[in-house]
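One-letter residues, chain by chain:
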Amino acid sequence: MKPLFIVLEGIDGSGKTTQADYLKTYFEGQGQAALVSPEPSSGPIGQLIRQVLAANILPFATAQEFEQQMGYLFAADRYYHLYNAQDGILPARDQQGCHIITPRYYFSSFAYNAHRPEDWQFIERLNQDFPPPDALIYLDLPVEQALQRLGARQQRECYEKEDKLREVSRNYQRLLENYSHPLLCLAANQSPEALHQQIVAFLQQF
Ligand code: TYD
């Protein structure tokens, strides 16, 4: 298989990280190098984003302004994540031949940081130069089940709330309806093993 840039998307609690880890183990079992590298990244901008998500330290009067700021931050982090000379994921794919598995990419910016139609266009402008992934996998989980899963976690980040997740889920549906590159949508309330098998079968086309 040629080295792939694979993105996993879905609302909080949908199981992206678990599937990313399964996939990495699968590739390595096949003797192929693979790296799990999520967004927000572990770089300086990603760390700043994590601080903001854990405790809202940015003073904005409205949710719209806050989301606009987040849109800029995530786009800046994305550029770093793709292209930086130390551990940029596209150099790792293209020069080291490593599969890249990325939980969250620009789809999350549309889903989380766009509210009104004009916000959607704003996010589109910010992200228009980023390449689509070789494969996109969407884990579709009902919000009720996501909240149950998140309930078990110690601390909730600023987006992990019911109203927000409902909007995020709607935004994903809208975005994926018109998506024209390789895409696999899966009902995420199956066992991790069953999901993994379907993902592996889907990737055989490459
Ligand atoms: P998440 O994958 O939930 O990280 P973790 O489970 O390790 O805490 O990502 C953190 C949050 O970032 C998540 O709620 C979605 C949000 N996010 C955006 O709002 N816009 C983006 O462009 C991205 C990549 C993430």
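Before reading on, note that the structure itself is shown above.
Residues numbered from 1 in each chain as written. Predicted model: local features only at pLDDT ≥ 70, side-chain atom pairs only at ≥ 80, totals over all residues. Heavy atoms only, no water.

Per the secondary structure count, the chain includes nine helices and five strands. Helices and strands appear in the chain in the N-to-C order β-α-β-α-α-α-β-α-α-β-α-α-β-α. When the backbone C-alpha atoms are referred to their principal axes, the chain occupies close to 50 × 40 × 35 Å. A burial count over the chain gives 48% of its 206 residues as buried. (Helix = DSSP H or I, 4+ residues; strand = E, 2+ residues; numbered from the N terminus. Buried < 20%, exposed > 50% of the residue type's maximum accessible area, 1.4 Å probe, protein only.)

It is worth spelling out unusual backbone geometry at this point. With an omega dihedral of -5°, the bond running from Glu39 to Pro40 counts as a cis peptide bond. By the secondary structure assignment, Pro40 is in the loop between β2 (34–36) and α2 (44–54). Backbone geometry places Arg104, a non-glycine residue, at a positive phi of 80°. The topology assignment puts Arg104 in the loop between β3 (99–103) and α5 (106–113).

Time to look at the pairing of strand β1 (residues 5–9). Most of β1 is tucked away, with five of its five residues classed as buried. In β1, alternate side chains face the same way, and those of Phe5, Val7 and Glu9 on one face and Ile6 and Leu8 on the other are all buried. The sheet contact formed by β1 and strand β4 (residues 135–140) spans four bridges and is parallel. Each bridged residue has a counterpart across the sheet, and for Glu9 the counterpart in β4 is Tyr138. (Pairing = 2+ DSSP bridges.)

Another aspect to go through is the sheet that holds strand β5 (residues 183–187). In space, the five strands of this open sheet follow the order β2-β3-β1-β4-β5, with parallel pairing throughout. Sheet topology places β2 and β5 at the edges, where each strand pairs with a single neighbour. Mean inter-strand twist for the sheet, computed between neighbouring axes without regard to direction, equals 15°. Against the sheet, helix α4 (residues 89–96) contacts β1 and β3, and its axis sits at roughly 160° relative to β3. (Axes fitted to C-alpha atoms, helices over the stretch in contact; angles between N-to-C directions. Contact = heavy atoms within 4.5 Å.)

Limitation: the analysis is restricted to geometry and does not speak to function.
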